[in-house]
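Read off the chains here:
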Amino acid sequence: MNLQTRNELDQYLQDILQSTVFDMDISIDYTNRSITASYEPFDFDDDVAPAPTFSKIMLNYITNSEHTAEEICTLALVDFRVISRAQAKPSYKPSKTIVLALGMALKLTEPLMEAFLQSAAYEFTYTTRRDLVLRFFIERQLYDITLINGYLTYYKELILGSV
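The following refers to the structure shown. (Residues numbered from 1 in each chain as written. Predicted model: local features only at pLDDT ≥ 70, side-chain atom pairs only at ≥ 80, totals over all residues. Heavy atoms only, no water.)

**Digging into the overall build of the chain**
From N to C terminus, the chain includes 8 helices and 2 strands. Going residue by residue from the N terminus, the α and β elements of the chain occur as α-β-β-α-α-α-α-α-α-α. Here the chain holds 163 residues, and 39% of them are scored as buried. Of all intrachain contacts in the chain linking residues separated by at least 6 positions in sequence, the fraction that spans at least 24 positions is 62%. Working note: accessible area of the chain is about 9,700 Å², and carbon and sulfur atoms make up 51% of it. (Helix = DSSP H or I, 4+ residues; strand = E, 2+ residues; numbered from the N terminus. Buried < 20%, exposed > 50% of the residue type's maximum accessible area, 1.4 Å probe, protein only. Contact = heavy atoms within 4.5 Å. Areas by Shrake-Rupley, 256 points an atom, 1.4 Å probe, with all protein chains shown as cover.)

Pasting the structure below:
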(Lines give C-alpha, C1' and ligand atoms only; values in the text may rest on other atoms or scores of the structure.)
Protein backbone atom coordinates (compact mmCIF):
# COMPACT_ATOMS: atom_id res chain seq x y z
CA MET A 1 0.00 0.00 0.00
CA ASN A 2 1.41 3.36 -1.04
CA LEU A 3 1.86 5.57 2.05
CA GLN A 4 1.40 8.81 0.11
CA THR A 5 -1.88 7.60 -1.40
CA ARG A 6 -3.06 6.38 2.00
CA ASN A 7 -2.27 9.78 3.55
CA GLU A 8 -4.04 11.58 0.68
CA LEU A 9 -7.03 9.30 1.14
CA ASP A 10 -7.08 9.91 4.92
CA GLN A 11 -7.05 13.67 4.30
CA TYR A 12 -9.71 13.37 1.60
CA LEU A 13 -12.01 11.44 3.94
CA GLN A 14 -11.52 13.94 6.72
CA ASP A 15 -12.10 16.96 4.44
CA ILE A 16 -15.27 15.52 2.91
CA LEU A 17 -16.73 14.46 6.22
CA GLN A 18 -16.08 17.85 7.79
CA SER A 19 -17.44 19.87 4.87
CA THR A 20 -20.46 17.80 3.97
CA VAL A 21 -23.48 19.67 2.64
CA PHE A 22 -25.89 17.71 4.83
CA ASP A 23 -27.02 18.82 8.25
CA MET A 24 -25.65 15.95 10.31
CA ASP A 25 -23.75 14.98 13.40
CA ILE A 26 -20.48 13.21 12.67
CA SER A 27 -18.27 11.25 15.02
CA ILE A 28 -14.88 10.02 13.77
CA ASP A 29 -12.97 7.39 15.75
CA TYR A 30 -9.48 7.26 14.26
CA THR A 31 -8.31 4.51 16.59
CA ASN A 32 -10.94 2.02 15.41
CA ARG A 33 -11.23 3.53 11.91
CA SER A 34 -14.96 4.09 12.22
CA ILE A 35 -17.34 6.90 11.32
CA THR A 36 -20.78 7.47 12.78
CA ALA A 37 -23.18 9.95 11.22
CA SER A 38 -26.84 10.83 11.61
CA TYR A 39 -28.96 13.12 9.46
CA GLU A 40 -32.51 13.91 8.48
CA PRO A 41 -33.76 12.14 5.34
CA PHE A 42 -34.76 14.16 2.29
CA ASP A 43 -38.21 14.23 0.72
CA PHE A 44 -38.21 13.18 -2.92
CA ASP A 45 -40.87 13.81 -5.52
CA ASP A 46 -42.71 10.70 -6.63
CA ASP A 47 -43.79 12.31 -9.93
CA VAL A 48 -40.64 11.39 -11.85
CA ALA A 49 -40.81 9.65 -15.21
CA PRO A 50 -39.41 6.11 -15.19
CA ALA A 51 -35.74 5.93 -16.11
CA PRO A 52 -34.10 3.22 -18.21
CA THR A 53 -33.52 0.04 -16.25
CA PHE A 54 -30.18 -0.86 -14.74
CA SER A 55 -29.91 -3.81 -17.12
CA LYS A 56 -30.38 -1.63 -20.19
CA ILE A 57 -27.88 0.99 -18.98
CA MET A 58 -25.28 -1.62 -18.01
CA LEU A 59 -25.55 -3.46 -21.31
CA ASN A 60 -25.29 -0.14 -23.18
CA TYR A 61 -22.14 0.83 -21.24
CA ILE A 62 -20.59 -2.56 -21.94
CA THR A 63 -21.48 -2.38 -25.64
CA ASN A 64 -19.86 1.06 -25.89
CA SER A 65 -16.78 0.16 -23.84
CA GLU A 66 -13.42 -0.95 -25.19
CA HIS A 67 -13.86 -4.36 -23.51
CA THR A 68 -16.05 -7.39 -24.03
CA ALA A 69 -18.64 -8.36 -21.43
CA GLU A 70 -16.36 -11.18 -20.27
CA GLU A 71 -13.44 -8.77 -19.84
CA ILE A 72 -15.61 -6.34 -17.86
CA CYS A 73 -16.65 -9.17 -15.54
CA THR A 74 -13.02 -10.17 -15.06
CA LEU A 75 -11.98 -6.58 -14.34
CA ALA A 76 -14.92 -6.16 -11.94
CA LEU A 77 -14.21 -9.47 -10.18
CA VAL A 78 -17.80 -10.59 -10.79
CA ASP A 79 -19.23 -13.74 -12.30
CA PHE A 80 -20.44 -13.57 -15.91
CA ARG A 81 -23.86 -14.70 -14.66
CA VAL A 82 -24.45 -11.06 -13.66
CA ILE A 83 -24.46 -10.11 -17.35
CA SER A 84 -26.55 -13.15 -18.27
CA ARG A 85 -29.15 -12.27 -15.64
CA ALA A 86 -29.30 -8.68 -16.85
CA GLN A 87 -29.84 -9.84 -20.43
CA ALA A 88 -32.52 -12.35 -19.43
CA LYS A 89 -34.35 -10.17 -16.93
CA PRO A 90 -34.56 -6.42 -17.64
CA SER A 91 -35.67 -5.71 -14.06
CA TYR A 92 -32.55 -7.40 -12.59
CA LYS A 93 -30.88 -5.35 -9.84
CA PRO A 94 -27.64 -6.70 -8.33
CA SER A 95 -26.14 -5.63 -5.02
CA LYS A 96 -24.56 -2.20 -4.66
CA THR A 97 -21.16 -3.92 -4.39
CA ILE A 98 -21.57 -5.49 -7.83
CA VAL A 99 -22.88 -2.25 -9.37
CA LEU A 100 -19.86 -0.38 -7.98
CA ALA A 101 -17.46 -3.06 -9.23
CA LEU A 102 -18.97 -2.95 -12.73
CA GLY A 103 -18.84 0.85 -12.73
CA MET A 104 -15.16 0.79 -11.78
CA ALA A 105 -14.43 -1.83 -14.47
CA LEU A 106 -16.23 0.40 -17.00
CA LYS A 107 -14.12 3.36 -15.78
CA LEU A 108 -17.17 5.55 -15.22
CA THR A 109 -16.70 9.15 -14.17
CA GLU A 110 -18.34 10.26 -10.93
CA PRO A 111 -21.51 11.65 -12.61
CA LEU A 112 -21.87 8.50 -14.71
CA MET A 113 -21.25 6.29 -11.67
CA GLU A 114 -23.93 8.16 -9.75
CA ALA A 115 -26.40 7.67 -12.61
CA PHE A 116 -25.39 4.00 -12.86
CA LEU A 117 -26.02 3.51 -9.13
CA GLN A 118 -29.35 5.34 -9.33
CA SER A 119 -30.48 3.07 -12.15
CA ALA A 120 -30.14 0.16 -9.69
CA ALA A 121 -31.83 2.15 -6.87
CA TYR A 122 -28.58 2.94 -5.03
CA GLU A 123 -26.62 6.13 -4.48
CA PHE A 124 -23.23 7.44 -3.51
CA THR A 125 -23.31 8.97 -0.06
CA TYR A 126 -21.04 11.23 1.92
CA THR A 127 -21.66 9.20 5.07
CA THR A 128 -20.10 5.86 4.16
CA ARG A 129 -16.37 5.54 4.04
CA ARG A 130 -16.51 2.97 1.24
CA ASP A 131 -18.33 5.43 -1.03
CA LEU A 132 -15.82 8.13 -0.16
CA VAL A 133 -12.87 5.83 -0.88
CA LEU A 134 -14.39 5.01 -4.28
CA ARG A 135 -14.99 8.70 -5.04
CA PHE A 136 -11.35 9.36 -4.19
CA PHE A 137 -10.16 6.81 -6.75
CA ILE A 138 -12.68 7.87 -9.39
CA GLU A 139 -11.59 11.50 -9.07
CA ARG A 140 -8.01 10.36 -9.70
CA GLN A 141 -9.09 8.06 -12.55
CA LEU A 142 -7.63 5.02 -10.77
CA TYR A 143 -9.90 2.07 -11.54
CA ASP A 144 -7.79 -0.95 -10.53
CA ILE A 145 -10.18 -2.91 -8.32
CA THR A 146 -7.39 -4.95 -6.73
CA LEU A 147 -5.67 -1.72 -5.64
CA ILE A 148 -8.95 -0.22 -4.43
CA ASN A 149 -9.83 -3.39 -2.52
CA GLY A 150 -6.50 -3.11 -0.71
CA TYR A 151 -7.49 0.31 0.60
CA LEU A 152 -11.04 -0.83 1.39
CA THR A 153 -9.56 -3.69 3.40
CA TYR A 154 -7.27 -1.26 5.22
CA TYR A 155 -10.33 0.80 6.24
CA LYS A 156 -12.23 -2.38 7.16
CA GLU A 157 -14.83 -1.80 4.43
CA LEU A 158 -16.59 -4.29 2.19
CA ILE A 159 -14.49 -4.96 -0.91
CA LEU A 160 -15.71 -4.82 -4.51
CA GLY A 161 -16.56 -7.84 -6.65
CA SER A 162 -18.13 -11.17 -5.90
CA VAL A 163 -15.65 -13.76 -7.18
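**Structural notes on the environment of Gln14**
Mapping Gln14 onto the fold places it in helix 1 (residues 3-18). The class for Gln14 is partly exposed, based on a relative accessible area of 27%. C-alpha separation for the pair Gln14 and Leu132, spaced 118 residues apart in sequence, amounts to 10.0 Å.

**Examining the pattern of salt bridges**
Following the criterion strictly, the structure yields 7 salt bridges and no others. Between Arg81 and Asp79 there is a salt bridge, and its shortest N-O distance comes to 3.0 Å. Since its relative accessible area comes to 31%, Asp79 is described here as partly exposed. Two residues, Arg129 and Glu157, come together in a salt bridge whose shortest N-O distance is 3.8 Å. Of this pair, Arg129 sits in helix 7 (residues 129-139) while Glu157 sits in the segment after helix 8 (145-154), and the two are 28 residues apart along the sequence. By relative accessible area, which is 7% here, Arg129 ends up buried. When salt bridges that share partners are traced, they join Glu8, Glu139 and Arg140 into one network. (Salt bridge = Lys/Arg side-chain N within 4 Å of Asp/Glu carboxyl O.)

**Some points on the packing of aromatic side chains**
For the structure shown, the criterion picks out 6 aromatic pairs. Here Phe54 and Phe116 contribute two aromatic rings whose centre-to-centre distance is 5.1 Å and whose plane-to-plane angle is 40°, an arrangement assigned as tilted. Pair noted here: Phe54 is in helix 2 (residues 54-63) and Phe116 is in helix 6 (residues 110-119), with a separation of 62 residues, a long-range link. Phe116 carries the same exposure label as Phe54, and that label is buried. Between Phe136 and Phe137, the ring centres sit 5.2 Å apart and the planes meet at 85°, which makes this aromatic pair edge-to-face. The structure contains a cluster of three or more aromatic residues connected by ring pairs, namely Tyr12, Phe136, Phe137 and Tyr151. Over the aromatic face of Tyr126 sits the side chain of Arg135, whose NZ or CZ is 4.2 Å from the ring centroid. (Phe/Tyr/Trp six-rings, centres within 6.5 Å; stacked < 30°, edge-to-face > 60°. Lys NZ or Arg CZ within 6 Å of the ring centre and 35° of its normal.)

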